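Observations on chain architecture
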Amino acid sequence: MTRLTFFRLGILVQLLLGWTDLSAKIINVTQFGVLPDDGQDDRQALQLILDRLQDGDKIYFPAGTYSFSSSLRLSGKIGIEIYGSLGTNTSTLMATGFDPFSSNVSWTSLLEVSDCKDLIIRDLFIDVDRPVSINGTVVGTGESPEGTFYVLDLLPEFSEYADRLAELKIMHQLSYNADGTPNYHISTHCDLKNGNWPHIEKLSALRLKIYNDEAPKLSKGELINLRLKITGNPCFSFLGVNTLTIRDITIWQWPAFAMYVSDLADSRHRSGDMTLERIRMKPKPTSGRLMSISADGIHVASMAGTFKAEHCEFVGLGDDAINIHSRLCHIGKISADSVLLINGWTKAPVEDDWAFKDDIIEFLDGKTGLPKGKAKVKFRGKGQYQLKSIPKNVNLGDFAAKDTRTPSTIIRDCMVSNSRARGFVIQSKKVVISNNKIWNISGPAILLSCDMERWFEATTVKKAVITGNRIDNCGKYLRWDDTLTGYGAIAVKTGHEIGGIDKPAGVHQNITIQANTISDCANSAIFVSSTDGVKIRKNHIELI
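For the structure given in this document, a descriptive report is provided here. All figures in this text were calculated on a predicted structure; none of them were measured in a lab.

Glancing now at the overall build of the protein. Of the regular secondary structure elements, the protein holds two helices and 46 strands. Taking 24 Å as the expected radius of gyration for a compact globule of 544 residues, we find that the protein reaches 24 Å, a close match to that expectation. Classification of the 544 residues of the protein by burial places 59% in the buried group. Once local pairs closer than 6 in sequence are excluded, the contacts in the protein between residues at least 24 apart make up 72%.

Written out as structure tokens, the structure is:
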């Protein structure tokens, strides 16, 4: 055992026995056995520190790289601040153990936070120890007795996988134009859980032959990204976190959501008020990688208060940059003072963290989506909600949306580019989206929705202003069953994909779209449906 290992073990023992005083307001992790740049797993030592924090403590990571083999957990604290070094010497949190050769799609999160209040995270870089996706250039296509295929030359930076290229378990293949715009000539998902992954032949050190029925759609010079995992574990998970501020965080890559926010059934605190400033999700500047985050950048599934993102940058995402919503439910049973709510996505009774005592539920007509009134929660349990004064016109099969637990949304001065799905998918009552730049996106740059078709995400928009945004080359490629789903570079609908345009005016209300510049987009530049009170003015639209 090395001298360093003895030192770390001694620190851990002291922490376990309570010998080390952690009452200091600023805790330098290197003074408690968490050492940068040594290649050792820092997870256990840091978890012991997190477990012993007092409200108001600050955790400081001096410059260097810290390695973590599994999730860190922070729970039940108030006023915690986690931060790294400023300036050119940066602090990087490195998740380790990514395995692209396994068919197991589960993996670790970096930090799971629950039941906390007034949390600040700032000045950190996040990375994974191995590439979570790889990419290259199509150098040819062909056909053999085994099927159609394309030949892909990978970039040299993926040489660490060269010896086992044919063993890679690829979860998704996506084609791109040479400018980095995902073009959906192929978009092939594989079910790794059931042993379904593409047939690959290694032709040389970094050249692959990949069999794909859609290969004839490709042309020489197109780019292909191979997502090796799309897991269910976000980099940051925030459950029941009230008043959250994240600023100056850079995430180079992650194989799932980068940040996920929702509620937690049995916690003191409810999720509410999230502020993001200067968050960057993009490949390293020295890298030729096409993708940074394999799924959504920011995914908010339940939160009260206000969501605000300013001066953020999203490059090369596998899905939406920002998706704000809550869960839309069906009424499965109804009585004089209670309803049984069915999760529209799972078809099971809604979870106990869907709403809480004194929350407001809004009811929408199950066919038209039009509002029917509201009621306050008195009691909840196993999908059954006892309510005060259910509107008399509410019927079996109508929708229920969380009026209280869907945040107002402000997104301004952000940039989104070269990403697979949409820029911003917003399903909030009050929305301001201003002065953003969005380009090279497969789907709409901005989608206001309340999905009543497939995903069942709420809620309807009551007031929105979309202004001063610059949108280029968006909505031209995202397809569903070979049909463009974009409808417009800016779109207002009641569904994410095909459809969601047949509901009457009044589902959404009071939407102003003004002074935006939109160029080089398919279908409509601006598409609005199911809305009462629309103002479209002073937009500049051009076709290149």
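What follows covers helix H2 (residues 43-51). Among the nine residues that make up H2, seven are buried, leaving the element largely enclosed by the rest of the structure. Residues of H2 that are buried include every one of Arg43, Ala45, Leu46, Gln47, Leu48, Ile49 and Leu50, and no others.

Counted under the stated rule, the structure contains two cavities of 30 Å³ or more. What the largest cavity holds in volume is close to 110 Å³. What lines the largest cavity is Leu46, Leu50, Ile59, Phe61, Leu72, Ile82, Leu93, Leu110, Leu111, Ile121, Leu124 and Phe236. At the level of elements, H2, strand E2 (58-61) and strand E7 (111-128) are the ones that each hand at least two residues to the lining of the largest cavity. In terms of residue count, E7 provides more of the lining of the largest cavity than any other element does, three residues in total. Grouping the constituent residues of the lining of the largest cavity by class yields twelve nonpolar, no polar and no charged. In this structure, the second largest cavity encloses a volume near 30 Å³. Around the second largest cavity, the lining residues are Glu362, Leu364, Gly369, Pro371, Thr460, Lys462, Gly506, Val507 and Gln509. A per-class count over the lining of the second largest cavity returns three nonpolar, four polar and two charged.

Quick notes on the rules
- Residues numbered from 1 in each chain as written.
- Predicted model: local features only at pLDDT ≥ 70, side-chain atom pairs only at ≥ 80, totals over all residues.
- Heavy atoms only, no water.
- Helix = DSSP H or I, 4+ residues; strand = E, 2+ residues; numbered from the N terminus.
- Rg over C-alpha atoms; globule rule 2.2 N^0.38 Å.
- Buried < 20%, exposed > 50% of the residue type's maximum accessible area, 1.4 Å probe, protein only.
- Contact = heavy atoms within 4.5 Å.
- 1 Å grid on protein atoms, 1.4 Å probe; cavity = no way out; pocket = protein on both sides within 12 Å on 5 of 7 lines; lining within 4 Å.
- Points joined across faces, edges and corners; volume = space filled by probe spheres on them.
- Nonpolar A, V, L, I, M, F, W, Y, C, P; charged D, E, K, R; others polar.

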